[in-house]
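Observations on the model geometry
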Amino acid sequence: VTVTDGWGCGTTSAPIVINEPTEVVASLVLATTPTCGTLATITLSATGGTGPYEYSAVPTSGWFPMGGNTITFSVAPDTYRYFVRDANGCISMMSNDIKVEPLPALQVVLNVDNAKINCNGDTNGVIVATAIGGLGNYVYTLLDGTGNPVAFTPVQTTPGNFTQLPAGTYSVRVDSGDCPKTSVSEVIEEPLLPVTASTVVTPVTCN
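These remarks concern the structure in this document. (Residues numbered from 1 in each chain as written. Predicted model: local features only at pLDDT ≥ 70, side-chain atom pairs only at ≥ 80, totals over all residues. Heavy atoms only, no water.)

**Regarding the state of the cysteines**
Two cysteines, two sulfur atoms, one covalent bond between them: this is a disulfide. Inspection of every chain in the model, using the stated rule, returns one disulfide. Here Cys 36 pairs with Cys 179 through a disulfide, and the sulfurs are 1.9 Å apart. Because the torsion about its S-S bond is 110 degrees, the bridge between Cys 36 and Cys 179 counts as right-handed. Taken together, the residues Cys 36 in the loop between β3 (25-32) and β4 (40-47) and Cys 179 in the loop between β16 (168-175) and β17 (181-182) connect sequence positions 143 residues apart. In this structure Cys 179 comes out as buried when scored by relative accessible area, which is 2%. (Disulfide = S-S within 2.5 Å. Helix = DSSP H or I, 4+ residues; strand = E, 2+ residues; numbered from the N terminus. Buried < 20%, exposed > 50% of the residue type's maximum accessible area, 1.4 Å probe, protein only.)

Now the structure itself:
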């Protein structure tokens, strides 16, 4: 600032610097993905400006305190974006979008093309289980007709290929994190009776 009097005498002040805060920026990230038992979580972060911060999905209303530089929400499947406002009323540009996809339902499909026994008492039935959806990392357990694990066949990871099965009623339980699923029941049948033979002897009449 320069000051001059009526005689033309003047002086200039030392430089004066007017600073401004950095721009308020809102950033959104997917913190955790959903499971069958829990919702996804997203984390909103604020940088720049002057704290404390508030956030809103609509910049014209509905502001809520963040309680710090970040805040984490549990959210249902949808698309999310937020604005951040600092203590001076400065509002950020809209954050990036985060789309939370719904978790595909866990399904168990059984291939029973070879779930049959040709001879009574044989143990050559085959059931192949395939899982889709859920959280992956599938573990297959063969169950008997009462829903208990079958002891003579091991628990398997992908694929669930159960062989050397005797006649009976079976289902397959698939565990995928906190997304368990049990298939429909399938019956392996065998012929009701074993093959039997009888003989009739006719002696030779002449030497």
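**Structural notes on the nonpolar core**
The tendency in soluble globular proteins is for nonpolar side chains to be buried as a group. Ile 127, Tyr 140, Val 172 and Val 174 are the most contacted members of the largest nonpolar core, which has 19 residues in total. Residue assignment for this core shows that the elements contributing at least two residues are β11 (107-111), β12 (125-132), β13 (139-143), β15 (160-165) and β16. Non-local contacts of Ile 127, meaning those with residues more than four positions away in its chain, are made with Leu 110, Asn 111, Val 112, Ala 115, Gly 160, Asn 161, Phe 162, Leu 165, Tyr 170, Val 172 and Ile 188. Ranked by size, the runner-up nonpolar core spans 18 residues in total, among them Val 24, Ala 26, Tyr 80 and Tyr 82. (Core = buried A, V, L, I, M, F, W, Y, C linked by side-chain atoms within 4.5 Å. Contact = heavy atoms within 4.5 Å.)

**Remarks on the sheet that holds β4**
Strand order in the open sheet made by the three strands is β3-β4-β7, with antiparallel pairing throughout. The open sheet has two free edges, formed respectively by β3 and β7 (70-75), since each of these has just one partner strand. Across the sheet, the mean angle separating the axes of adjacent strands is 25 degrees when strand polarity is ignored. Across seven bridges, β3 lies against β4 in antiparallel orientation. In the strand pairing of β4, Val 25 is matched with Thr 47. (Pairing = 2+ DSSP bridges. Axes fitted to C-alpha atoms, helices over the stretch in contact; angles between N-to-C directions.)

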